Amino acid sequence: MSLDDHLENVAIIGAAGKMGSGIALLLAQEMTVLKLQPENKSKNYELHLIDIDPIALQGLLRYLKTQAIKLAEKSIVQLRLQYEARKDLVENSEFIQQFVDDLFVHLRVGTELGNARNAQFIFEAASENEDLKVSLLKQLKNICASDTYFFTNTSSIPISLLNEKAALGGRIIGYHFYNPPAVQKLVELITPEGILPDLYQLSLELGKRLRKKLIPSNDVAGFIGNGHFMRDGLHALAEVERLNKDFSPQQAIYIMNRISQDFLIRPMGIFQLVDYVGIDVFQCILNTMDPYFPQEKLNSDLVNLMVSRKILGGQNLDGSQRDGFLKYDKSKPIAVYDPEREKYVSLEEGNWRTEADRKIGNPPAGFSPWRVLLGDSQKEEKLETYFKNLKRDSTLGAQLATDYLSKSKAIAEQLVSSGVANSVEDVNGVLLNGFYHLYGPINNYV
Amino acid sequence: MKKLNKPVYLTAGYNTLFLGSGRKEFHPKKPRPGIEHYVIEAGKGAIAQINNAENIDEGVIANFMAARFNRQGNLPAFMPAIDPSLLYKPFSRIEGACGSGGLGIYTAIKTVLSGIADVVLVIGLEVQNSVKAVYGADYLAGAGYYEGERKEGHAHFFPDKFSQRAGVCFKKYGQEPIRKAMAKWYEQAILNARRNPKAQEYHNSVVDLFTQGMTPPNPKYFVEHLNVFDCSKVTDGASAIIVTSVEGLKKLNIEKKDAIELVAFGISVDDIKRQPEDFTRLTTTRKAVYKAFEMGGVNPKDLGVCEIHDCFTITALLALEAAGIVKEGEGASYISEEKTRIDGKLPVNPTGGLIGFGHPTGGTGVRQAVDLWQQLTGKAGDCQVKMNSKRPYGLMINMGGNDKTVASFIYKPAGA
């Protein structure tokens, strides 16, 4: 069976979630384009969107409609060509509406796993919980045909474990999209031992079709992405604990967030990123990974405390950011959480922020924000100069940033030496493409 | 060729700010002023320069596509909202796509020449940021032949029409000189707009405009031979000017030094169903301009300043050739040698033109008249060109569609 044949009937489990909805958009778009090709005219394409939450499924449909319109607007030049044979479509608005209508024709929404019974591909994007995923995969194995392939979006659970526990016989592959899946180019590809070669080949072809950059990771809990991110986050959390001796709790969080964003020239601070992912998700991934690394402590008291207080971050249905370590107005941080006083302290309140900024000092000469450097053709040279200056600087900020860089590098090197990643390029590739860093963690800056 | 049977003057011009992407005030998701605001602001702007709005006999409102951009028809009825003294006076709406403004002025001129009125207020406007550009392209495509062209046409209908012209010019004259001249025109448009606080590109701070202008086209998302910098942007804006007889000037208590005199006009309209005779020529534009030259006894050497219809960079080049300012095939070198700059041999579009100032489609012709009035009366501020008394004439070309509905005017200072 070719990839096109497999794409005739696809199901997404956990479709209304953050990752599921993005995967749904990508696949719905691909099916619609396939259906437009004359040779596929008589074929029936179905995309089953399955989620336990019916209200969230309504939100999913709204999301898909908005995104499909945007997509059609953006690709209007090609769209007019794709619908060339349709004499009744004349204006751009008519082509756009037709594309959205055609995309929706393929969608089948429901809360029952049974809806996936005829699916040839199943994308599993349920919550990051081993028992849940195993249970779902087991049920699906019984519901679906024996040649159905499974793509799991797990970001941390070893695929061979899922394969074994659900007795899938090599019909599962790790296909870890990055958030938001419709935008992010990266997919971490995790091929467990015993995978069927056909599935592996199809997943490579699918990656190309969806215009994704596939980076292979070996089947070790956390893979490359979370293997780095979790330890990177734990480093910041440990530094917060250390800084608590000299700074107030919200100052310590603020400082490490600012060091990771400004001093390291990353797209967002580490605590903003943890909030974006969800503090509960962060905890869950740590819990998944922890048993596999007995020599490390993959755990954080502060993260556990936040989760126990139901301060979880993550996003609202409309995509806006929920409060976590930071408090947000839309997506802009406006306050920092003080775990001792159990409240948020506004960035504008009193002079605690100015005092913290004064104590860490300014980033050294050559600093440009991430956003500015992103499109700069000379960013490599500029980063080199900046980090040279950072190393020479004696401020507390420079010290914390240099330590952070070293730690990030050590984590990345460990991922290569322990066989999680096949190469330095793969680790750097994940951080560059999945986390939008301007430079890989394995660099000559430290 | 008939001559003007009496003097006609233009005075009391006013442009609103031209709003759209590029202006710091512009945010696509925030509410913006609508038609009513623009009509009233432009109208009041003109009225503030005359002694009494009572003296306005009638008016013309020029607009292309409010019915789609704003779901609004019956635009004449917005005119009395400008001033209570305009209630129950005669107003008409004129449409000729992007040439609406020019036709509006032409209509006002005819009204004055007929003796029916001494003072005619002309307002031109378009409010087109109401929809995304991809839908605006549908509305603007109404300037082409819907039944015969739209289905086969490009998503970006008009950019593609002029992209095709650029492609044929590349073949005829070589791609490099034409492409460079187009980028030079873009550079000039932005440099001039930076002198003009009301221009859409006033805040543009790009350092290397020429390089930006040379950005390779991306046919996958846009058209084959143009990049987005070759195109005028989507603009909300309005302009107003008053057309009068000599008696009208007196009634308004306007001195001649504050008015310009119409020397000639030339209106030319092609069949909307026809393809251009020659993609490297603006045939209709040439006919309109040469009608005006003939009526006024003026030739291109007499021109001191021009306002041409540069909806796309390639159009500017072709318009200079159509107007006889340069020979065919020499538009590119004329632009590249910077002869059209504000301090050049013949300043063209010194306030930024359609690319720099902005292009509120149905309003552009009136804007061009206002800017020539400012230039010829010394009111152009930082955009003022140095006029030579031996070349006192200002030429205006306003074009609707793909060289279909063209209005051309020649003005001079009223005292000259």
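Residues numbered from 1 in each chain as written. Chains lettered and ligands numbered in written order. Predicted model: local features only at pLDDT ≥ 70, side-chain atom pairs only at ≥ 80, totals over all residues. Heavy atoms only, no water.

Chemist: Explain the overall build of chain A to me, using residue names and the numbers behind them.
Modeler: Counting secondary structure elements, chain A contains 18 helices and 11 strands. By its C-alpha atoms, chain A is 70 × 50 × 40 Å across when sized along the principal axes. Put simply, chain A has 446 residues, and 55% of those count as buried. Pairs at least 24 apart in sequence give 70% of the contacts found in chain A among residues at least 6 apart. When the accessible surface of chain A is summed, it comes to about 19100 Å², and 50% of that surface belongs to carbon and sulfur atoms. Of the charged side chains in chain A, 49 are positive and 56 negative; the average position of the first set lies 3 Å away from that of the second. (Helix = DSSP H or I, 4+ residues; strand = E, 2+ residues; numbered from the N terminus. Buried < 20%, exposed > 50% of the residue type's maximum accessible area, 1.4 Å probe, protein only. Contact = heavy atoms within 4.5 Å. Areas by Shrake-Rupley, 256 points an atom, 1.4 Å probe, with all protein chains shown as cover. Lys, Arg positive; Asp, Glu negative; His and termini not counted. Charge placed at Lys NZ, Arg CZ, Asp CG, Glu CD.)

Chemist: Go over the nonpolar core with me, naming the residues and quoting the values.
Modeler: If you look at the biggest cluster of nonpolar residues, it comprises 95 residues, and the most contacted ones within it are B:Ile314, B:Phe409 and B:Tyr411. Apart from residues lying up to four places away in sequence, B:Phe409 is in contact with B:Gly102, B:Ile105, B:Tyr106, B:Ile109, B:Leu262, B:Ala264, B:Phe265, B:Ile267, B:Gly394, B:Leu395 and B:Met396. In terms of nonpolar packing, the next biggest core, distinct from the first, is built from 71 residues, A:Tyr178, A:Tyr254, A:Met256 and A:Tyr337 among them. (Core = buried A, V, L, I, M, F, W, Y, C linked by side-chain atoms within 4.5 Å.)

Chemist: Got a sec to walk through the domain arrangement of chain A? Specific residues and values, please.
Modeler: All names here are of chain A. By domain assignment, chain A separates into domain 1 (3-217) and domain 2 (225-411). Each partner contributes to the interface: domain 1 provides 12 residues, whereas domain 2 provides 10 residues. For the pairing of domain 1 and domain 2, the buried interface totals around 900 Å² over both sides, and the portion due to carbon and sulfur atoms is 51%. Three residues, Lys-18, Glu-128 and Ser-156, lead the burial of domain 1 against domain 2; their summed loss comes to 42% of the area buried on that side. Where domain 1 touches domain 2, the interface holds five residue pairs in polar contact (both at pLDDT 80 or more). When the residues that make up the side of domain 1 that touches domain 2 are grouped by side-chain class, the tally is five nonpolar, three polar and four charged. (Domains from an automatic or database assignment. Buried area = accessible area lost by both parts, 1.4 Å probe. Polar contact = N/O pair within 3.5 Å; in protein donor to acceptor, adjacent residues only side chain to side chain. Nonpolar A, V, L, I, M, F, W, Y, C, P; charged D, E, K, R; others polar.)

Chemist: Residue-level account of the pattern of salt bridges, with values.
Modeler: This model, assessed by the stated rule, comprises 45 salt bridges over all chains. Residue B:Asp278 pairs with B:Arg281 through a salt bridge whose shortest N-O separation is 3.4 Å. (Salt bridge = Lys/Arg side-chain N within 4 Å of Asp/Glu carboxyl O.)

Chemist: Give me the lowdown on the packing of aromatic side chains, citing residues and values where you can.
Modeler: Each pair of aromatic rings is reported with the distance of its centres and the angle of its planes. One pass over the structure, following the stated rule, counts 27 aromatic pairs over all chains. Between A:Tyr254 and A:Trp352 the ring centres are 5.5 Å apart and the planes differ by 85 degrees, which places this aromatic pair in the edge-to-face class. Highlighted residues: A:Tyr254 in helix α10 (residues 249-263) and A:Trp352 in helix α14 (residues 352-360), separated in sequence by 98 residues. There is no split in this pair, since A:Tyr254 and A:Trp352 are both buried. Seen in terms of ring centroids, A:Phe387 and A:Tyr439 are 5.0 Å apart; in terms of plane orientation they differ by 70 degrees. Their pairing is edge-to-face. Taken together, the residues span a long stretch of sequence, with A:Phe387 in helix α16 (residues 379-392) and A:Tyr439 in the segment after α18 (424-434) at a distance of 52 residues. The residues A:Phe387 and A:Tyr439 share a single accessibility class, namely buried. Every member of this aromatic cluster is reached through a ring pair, and the members are A:Phe121, A:Phe123, A:Tyr149, A:Phe151, A:Tyr175 and A:Phe177. Across from the ring centre of B:Tyr14, 4.2 Å away, lies the NZ or CZ of B:Lys198, which sits over that ring. (Phe/Tyr/Trp six-rings, centres within 6.5 Å; stacked < 30°, edge-to-face > 60°. Lys NZ or Arg CZ within 6 Å of the ring centre and 35° of its normal.)

Chemist: Pulling in residues and values, what's your account of the interface of chain A and chain B?
Modeler: The partner chain B presents 18 residues to the 18 residues of chain A that form the contact. Regarding the contact of chain A and chain B, the summed buried area is about 1500 Å², with carbon and sulfur atoms giving 48% of it. At the boundary of chain A and chain B, one finds two salt bridges. Counting across the chain A and chain B interface gives 12 residue pairs in polar contact (both at pLDDT 80 or more). Contributions of two or more residues to the side of chain A that touches chain B are made by α3 (54-74), α4 (76-82) and α5 (92-105) of chain A.

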